[in-house]
Amino acid sequence: QVQLVESGGGLVQDGGSLRLSCAASGRTFSSNDMGWFRQAPGKERELVAAITWSGGRAYYQDSVKGRFAISRDNAKNTVYLQMNSLKPEDTAVYHCNTLIWPYGSSPRLKADFASWGQGTQVTVSS
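Anyway, here's the lowdown on the structure attached to this text. (Residues numbered from 1 in each chain as written. Predicted model: local features only at pLDDT ≥ 70, side-chain atom pairs only at ≥ 80, totals over all residues. Heavy atoms only, no water.)

## What about the state of the cysteines?
The condition is simple: By disulfide we mean two sulfur atoms from cysteines, separated by a distance within 2.5 Å. Only DSSP runs of H or I with at least four residues qualify as helices, and only runs of E with at least two residues qualify as strands; both kinds are numbered from the N terminus onward.
A full pass over the atoms with the stated rule returns 1 disulfide. Disulfide pairing is shown between C22 and C96; the S-S distance is 1.8 Å. One disulfide, between C22 and C96, carries an S-S torsion of 65 degrees and so falls in the right-handed class. In this pair, C22 is assigned in strand β3 (residues 18–25) and C96 in strand β9 (residues 92–100), connecting sequence segments 74 residues apart.

See the structure below:
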């Protein structure tokens with residue numbers, strides 16, 4: 001099973017930027033579509049960004065379009081999330097995980113998803 005470690009979160013003011021990293025272990029990493037999820041207190045976990053195994057196509061939840069950018073470096077077994085123009089409503093714990101993204105469908109968490117990492121806290125102050 002793929003093991004995941006997220007990092008890069010922190011406290012930032014409204015309008016600031018952060019770059020999250022997700023380091024993965026496992027020989028099948030490069031064959032997986034990957035995504036970033038977030039979960040705020042009392043809220044359901046939601047997918048905010050996704051990227052195909054090749055890095056050729058990306059998906060963004062509507063609320064982060066134009067502000068976030070997902071990328072990956074398969075040689076380093078790492079996926080990134082560049083977050084700009086952060087808003088207080090972006091405050092959440094951010095996790096990465098493996099996705100399934102069938103042709104013509106929206107990306108979603110794989111049934112055999114990797115164990116969740118510790119996540120990284122993003123806090124945006126007003």
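Now that the structure has been shown, we can carry on.
## What about the side chain of E6?
So the rule is basically this: Two N or O atoms count as a polar contact when they lie within 3.5 Å, although within protein this holds only if one can serve as hydrogen donor and the other as acceptor, and sequence-adjacent residues are included solely when both atoms are side-chain atoms. In what follows, residue pairs with any heavy atoms lying within 4.5 Å of each other are defined as contacts.
Within the secondary structure, E6 sits in strand β1 (residues 3–7). At 3.0 Å, the side chain of E6 and the backbone nitrogen of C96 are in polar contact. Not counting the four nearest positions on each side in its chain, E6 is found in contact with S21, C22, W36, Y94, H95, C96, G117, Q118, G119 and T120.

## Some words on the pattern of salt bridges
What counts, and what does not: Salt bridge, as used here, is a side-chain nitrogen of Lys or Arg placed within 4 Å of a carboxyl oxygen of Asp or Glu. Throughout, exposure labels follow a simple rule: accessible area from a 1.4 Å probe, protein chains only, divided by the maximum for the residue type, with under 20% read as buried, over 50% as exposed, and the rest as partly exposed.
For the structure on display, the rule yields 4 salt bridges. Residues D90 and R38 are paired through a salt bridge, measuring 2.9 Å at the closest nitrogen-oxygen approach. With D90 in the loop between β8 (78–83) and β9 and R38 in strand β4 (residues 33–39), this pair connects stretches of sequence that are 52 residues apart. Look at D90 and you get buried, because its relative accessible area is 0%.

## A look at the nonpolar core
For clarity, the threshold we go by: Within this scheme, the nonpolar core is defined by two criteria: the residues are buried Ala, Val, Leu, Ile, Met, Phe, Trp, Tyr or Cys, and they are joined through side-chain atoms within 4.5 Å.
If you look at the biggest cluster of nonpolar residues, it comprises 26 residues, and the most contacted ones within it are L4, W36, V79, L81, M83 and Y94. Listing elements by their share of this core, those giving two or more residues are β3, β4, β5 (46–51), β7 (68–73), β8, β9 and β11 (120–125). Sort the elements by how many residues they give to this core and β3 lands first, with 4 residues. Here L81 is in contact with L18, R19, L20, W36, A49, F68, A69, I70 and Y94, once residues within four sequence places are set aside. By size, the runner-up hydrophobic cluster in this structure holds 5 residues, among which are L47, A50, L99 and W101.

## Describing the pairing of β5
Definition in use: For two strands to be treated as a pair, DSSP must find no fewer than two bridges joining them.
Within β5, 5 of the 6 residues are buried, leaving the element largely enclosed by the surrounding structure. Once β4 ends, the chain turns through 6 residues before running back antiparallel as β5, passing G42 with a positive phi of about 75 degrees. Of the strand pairs in this sheet, β5 and strand β6 (residues 58–60) are connected by 3 bridges, and their pairing is antiparallel. If you follow A49 over to β6, its bridge partner there is Y60.

## Some details on the sheet that holds β1
Definition in use: Interaxial angles span 0 to 180 degrees and are taken between N-to-C directions of axes, which are lines fitted to C-alpha atoms, for helices over the stretch in contact.
If you walk across this open sheet you meet the 4 strands as β1-β3-β8-β7, and the pairing is antiparallel. Every interior strand has two partners, whereas the edge strands, β1 and β7, have only one. Adjacent strand axes in the sheet meet at a mean angle of 15 degrees, parallel and antiparallel pairs treated alike. Bridge count for β1 against β3 is 5 bridges, and the pairing is antiparallel. Residue pairing for β3: V5 is matched across the bridge by A23.

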